[in-house]
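Spelled out from the first residue to the last, the chains are:
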Amino acid sequence: FDNVSLKNAALTGSLGYEAPIGRKITSHSSFSTGFRNPNIDDATKIREKNGVLLIPNNEISPEYIYSLDQSISLSPFENKSKLNITAAGFLSLWADAIVPFPTTFNGNSVIKFDGEHVSVYMNGNLENSFIYGARCEIQSQFADNISFNGTVNYTRGHTIVGGTPL
């Protein structure tokens, strides 16, 4: 192609709410949106790494994300630093994610580039996907100079149609 024009925009932001459920339990909720416009590298750069040649795509679109998360925090002692337990979950819709896809150049999926045979890829937009997960976090201050922090995290993602893992 002879030129590239990337003119995209989005209104993004976040909204959060924290509410005490009792003296020792707090709820945190938030909704946020995000946007990534393809940059000049995504649309036009030719680069080779580890046997993969990434070629330009002038039809790449921006990606968007819409995310909702909820957490509950428990602080059973008056001094919140003594022990705090948080459980949280989130769900995100990732629309048109920019990812590299196998493609062809002049009808070939493997070409010779700088004297080596390489697979041909191009950045493109993935179908809409869900990403979701949960975490549990424990924080405790045993003494002035002894503390403990631990987190367990679980995250999954897949395309909406077909369920292909991310």
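Relevant structure appears above.
As a starting point, this report considers the structure included with it.

How each quantity is defined
Residues numbered from 1 in each chain as written. Predicted model: local features only at pLDDT ≥ 70, side-chain atom pairs only at ≥ 80, totals over all residues. Heavy atoms only, no water. Core = buried A, V, L, I, M, F, W, Y, C linked by side-chain atoms within 4.5 Å. Buried < 20%, exposed > 50% of the residue type's maximum accessible area, 1.4 Å probe, protein only. Helix = DSSP H or I, 4+ residues; strand = E, 2+ residues; numbered from the N terminus. Contact = heavy atoms within 4.5 Å. Pairing = 2+ DSSP bridges. Axes fitted to C-alpha atoms, helices over the stretch in contact; angles between N-to-C directions. Phe/Tyr/Trp six-rings, centres within 6.5 Å; stacked < 30°, edge-to-face > 60°. Patch = residues over 30% accessible without salt bridge, like charges linked within 9 Å, V, L, I, M, F, W, Y side chains within 5 Å. Areas by Shrake-Rupley, 256 points an atom, 1.4 Å probe, with all protein chains shown as cover. Salt bridge = Lys/Arg side-chain N within 4 Å of Asp/Glu carboxyl O. Polar contact = N/O pair within 3.5 Å; in protein donor to acceptor, adjacent residues only side chain to side chain.

Considering the nonpolar core
- Core analysis: the largest hydrophobic core is formed by five residues, namely Leu53, Ile55, Ile111, Val118 and Val120.
- Every element with two or more residues in this core is listed here: strand E4 (52-55) and strand E9 (116-125).
- Not counting chain neighbours up to four residues away, the residues in contact with Ile55 comprise Lys45, Thr103, Thr104, Phe105, Val120, Tyr121, Met122 and Asn123.

Re the sheet that holds strand E2 (residues 25-36)
- Spatially, E1-E2-E5-E6-E10-E11 is the arrangement adopted by the six strands of the open sheet, whose pairing is antiparallel. Since the sheet does not close on itself, it has two edges, and those belong to strand E1 (14-20) and strand E11 (146-159), each with one partner. Here the average twist between neighbouring strands, direction ignored, is 10 degrees.
- In the sheet, strand E10 (residues 129-143) pairs with E11 via 14 bridges, with the strands oriented antiparallel. Residue pairing in the sheet places Phe130 in a bridge with His158 of E11.

As for the packing of aromatic side chains
- Considering all chains together, one arrives at one aromatic pair under this definition.
- Both rings, one in Phe35 and one in Tyr64, keep their centres 5.4 Å apart while their planes meet at 45 degrees; by these two values the pair is tilted. Here the residue Phe35 occupies a position in strand E2, and Tyr64 occupies one in strand E5 (residues 63-74), the gap between them amounting to 29 residues.
- The exposure class of Tyr64 is partly exposed, given its relative accessible area of 23%.

Details of a nonpolar patch on the surface
- A surface patch of nonpolar side chains, amounting to about 310 Å² of accessible area, comprises Ile21, Ile25, Ile72 and Leu74.
- By the element assignment, Ile25 lies in strand E2.
- Taking relative accessible area as the criterion, Ile25 reaches 32% and is therefore assigned partly exposed.

Notes on the side chain of Ser67
- Tracing the backbone shows Ser67 in strand E5.
- On the basis of relative accessible area, Ser67 is assigned to the buried category, the value being 12%.
- Engagement of the side chain of Ser67 in a polar contact is seen with the side chain of Ser92, the distance being 2.6 Å.

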